[in-house]
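Secondary and tertiary structure notes
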Amino acid sequence: MSSRLVDQLDTNLLRVLHTLLTERSVTRTAMKLGQSQPAISNMLKRLRDITGDAILVRGKNGMTPTQRGQELLLLARQGLGVMESIASPAPAFVAASTQRVFHLGAPDYLSVLLIPMVMEKVRELAPNAGLVIHALNAGFDYAAALETGELDCVIGNWPDLPQHLHIAQLFEDEVVCMVNRKHPVVSKGLSLKYYLEMSHLAPTPYMIGHRSIIDGTLAEQGLKRKIQMTIPYFGMVPYVLSKTDLVFTTSRSFAVQCAKDWPIEVLPMPIPMPKMQFFMLWHERVHAAAEVQWLRKIVAEAAGEVYA
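This text gives an overview of the structure that appears in the document. For clarity, every value in this text was computed on a predicted model and none was experimentally measured.

What counts, and where the lines are drawn
Residues numbered from 1 in each chain as written. Predicted model: local features only at pLDDT ≥ 70, side-chain atom pairs only at ≥ 80, totals over all residues. Heavy atoms only, no water. Helix = DSSP H or I, 4+ residues; strand = E, 2+ residues; numbered from the N terminus. Rg over C-alpha atoms; globule rule 2.2 N^0.38 Å. Buried < 20%, exposed > 50% of the residue type's maximum accessible area, 1.4 Å probe, protein only. Contact = heavy atoms within 4.5 Å. Areas by Shrake-Rupley, 256 points an atom, 1.4 Å probe, with all protein chains shown as cover. Lys, Arg positive; Asp, Glu negative; His and termini not counted. Charge placed at Lys NZ, Arg CZ, Asp CG, Glu CD. Pairing = 2+ DSSP bridges. Axes fitted to C-alpha atoms, helices over the stretch in contact; angles between N-to-C directions. Polar contact = N/O pair within 3.5 Å; in protein donor to acceptor, adjacent residues only side chain to side chain. Parallel < 35°, antiparallel > 145°, perpendicular 65-115°, else oblique. Left-handed = near helix turned anticlockwise from the far one by under 90°. Nonpolar A, V, L, I, M, F, W, Y, C, P; charged D, E, K, R; others polar. Phe/Tyr/Trp six-rings, centres within 6.5 Å; stacked < 30°, edge-to-face > 60°. Expected span 1.5 Å × (residues − 1). Salt bridge = Lys/Arg side-chain N within 4 Å of Asp/Glu carboxyl O.

A look at the overall build of the chain
Within the chain one finds 13 helices and twelve strands. Since a compact globule built from 308 residues should have a radius of gyration of about 19 Å, the 32 Å found for the chain marks it as more spread out than a globular shape. Structurally, the chain occupies a C-alpha span of about 105 × 40 × 30 Å along its principal axes. Out of the 308 residues belonging to the chain, those deemed buried represent 42%. Across the chain, every contact between residues at least 6 apart in sequence was considered, and the portion connecting residues at least 24 apart equals 74%. Carbon and sulfur atoms provide 54% of the accessible area of the chain, an area that totals close to 16600 Å². Computed over 30 positive and 28 negative side-chain charges, the separation of the two mean positions in the chain equals 7 Å.

Dropping the structure here:
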């Protein structure tokens, strides 16, 4: 069928087609749809022109559908159903019964406290739902993943927030230092001079060209720390610190949690440092989606409880 003929179809014609094939009568169709008999006859003629088929023909007991007409009855019913679905509001999101798989992007340093809390809440409130955590790294374009739907939302701390994404601040955290509990600096105290002379352990940046708040703040004062080793996973930090004399600069919540189970000492920064700010980002395409609104609420509640 040519596009010109397809363009002539509309909801009204589709409803007339469905009623004609159901009632098998121009008169009854006109009465049922509240239109005149000549108007229905004219629309039947249009439908015959569009489909290239008689649709209804005279039989012994009145009008009867052609073979193609029988096929069109099912198609008309399906078409009207699709149009009604398009015009109807989206079904209400019910967390308790949803089987949706959610996709959340986050750097792995949030895996100690925040992500387990998010998972706990999802399991409790949406036991049939799935949750996939995507690790952020320098080769992962999280903005593109949000736009395509690969990710529902992303958590992290960014020095420059992208303007085209929706943003919500989740929490702030103080910057501290972590060292082996047997390190001499624990008893001597951590001065700025010693901090700059020490060998540092640092995370691999999870964004290309990203400079941490620590190095950025030091650079503003003409200072630079000596990063001796880098690691891709925060889970490795306590293992490395327990075996070396390296210092690791991070958020207080991460450091305190590690110190509970490892021979780690948490020391204050020897230089004023702005707090680390953590945000949640999402794309306009899911801004109004009820299920993603629910996920964002869960993440925000978890952050509020963990970092209160």
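Brief notes about the sheet that holds strand β3 (residues 101-106)
An order of β4-β3-β5-β12-β6 is seen for the five strands of this open sheet, with the pairing classed as mixed. Whereas interior strands pair on both sides, the edge strands pair on one side only; in this sheet they are β4 (130-135) and β6 (166-173). For this sheet, the mean angle separating the axes of adjacent strands, direction not counted, is 20°. Pairing of β3 with β4 involves six bridges; the strand directions are parallel. By the bridge assignment for β4, Ala106 is matched with Ala135.

Let's talk about the side chain of Thr249
In this structure, Thr249 sits in strand β10 (residues 247-251). The buried category is assigned to Thr249, whose relative accessible area is 5%. Polar side-chain contacts of Thr249 include one of 2.8 Å to the side chain of Tyr195. For Thr249, the residues in contact, after removing those within four places along its chain, are Val175, Val176, Cys177, Tyr195, His200, Leu201, Ile214, Arg225 and Met269.

Things to note about the packing of helix α6 (residues 114-125) against helix α13 (residues 290-306)
Here α6 crosses α13 at 130°, and the two axes come no closer than 9 Å. One element, α6, and the other, α13, form an angle in the oblique class. For α6 against α13, the interelement crossing comes out right-handed. Across the interface between the two elements, Leu114, Met117, Val118, Lys121, Val122 and Leu125 from α6 touch Trp294, Ile298, Val299, Glu301, Ala302, Ala303, Glu305 and Val306 from α13. Here the contact of α6 with α13 is built from residues that sort into eleven nonpolar, no polar and three charged.

So, the packing of aromatic side chains
Counted by the stated rule, this structure contains nine aromatic pairs. Between Phe171 and Tyr307, the aromatic rings sit 3.7 Å apart at their centres with planes inclined by 5°, giving stacked as the arrangement. In this pair, Phe171 is assigned in strand β6 and Tyr307 in the segment after α13, connecting sequence segments 136 residues apart. Judged by relative accessible area, Phe171 falls into the buried class, the value being 6%. One aromatic cluster is present, built from ring pairs that chain together Phe93, Phe102 and Trp294.

Some remarks on the sheet that holds strand β7 (residues 175-180)
An order of β9-β8-β10-β7-β11 is seen for the five strands of this open sheet, with the pairing classed as mixed. Two strands in the sheet have a free side with no partner beyond their single neighbour: β9 (226-231) and β11 (264-268). Geometrically, the sheet is characterised by an average inter-axis angle of 35° between neighbouring strands, direction not taken into account. The pairing of β7 with β10 spans four bridges and is antiparallel. Residue Val175 lies in a different strand from β10, and its bridge partner there is Ser251. Packing of helix α12 (residues 252-261) onto the sheet brings it into contact with β7, β10 and β11, and relative to β10 it is tilted by some 120°.

Thoughts on α13
Under the 1.5 Å per step criterion, the end-to-end length of α13 is 24 Å for 17 residues, consistent within 8% with the ideal 24 Å. Here α13 has its buried residues at Val292, Trp294, Leu295, Arg296, Ile298, Val299, Ala302 and Ala303.

Observations concerning the pattern of salt bridges
Overall, the coordinates contain twelve salt bridges when judged by the stated rule. Two residues, Asp152 and Arg100, come together in a salt bridge whose shortest N-O distance is 3.0 Å. With a gap of 52 residues between them, Asp152 in the loop between α7 (142-148) and β5 (153-156) and Arg100 in the loop between α5 (67-87) and β3 connect regions that are remote in the sequence. The exposure class assigned to Arg100 is partly exposed, which follows from its relative accessible area of 25%. Linking Lys297 and Glu301 is a salt bridge whose minimum nitrogen-to-oxygen distance equals 2.7 Å. A residue pair is termed a helical-turn pair when its members lie 3 or 4 positions apart in one helix, as Lys297 and Glu301 do in helix α13 at four residues.

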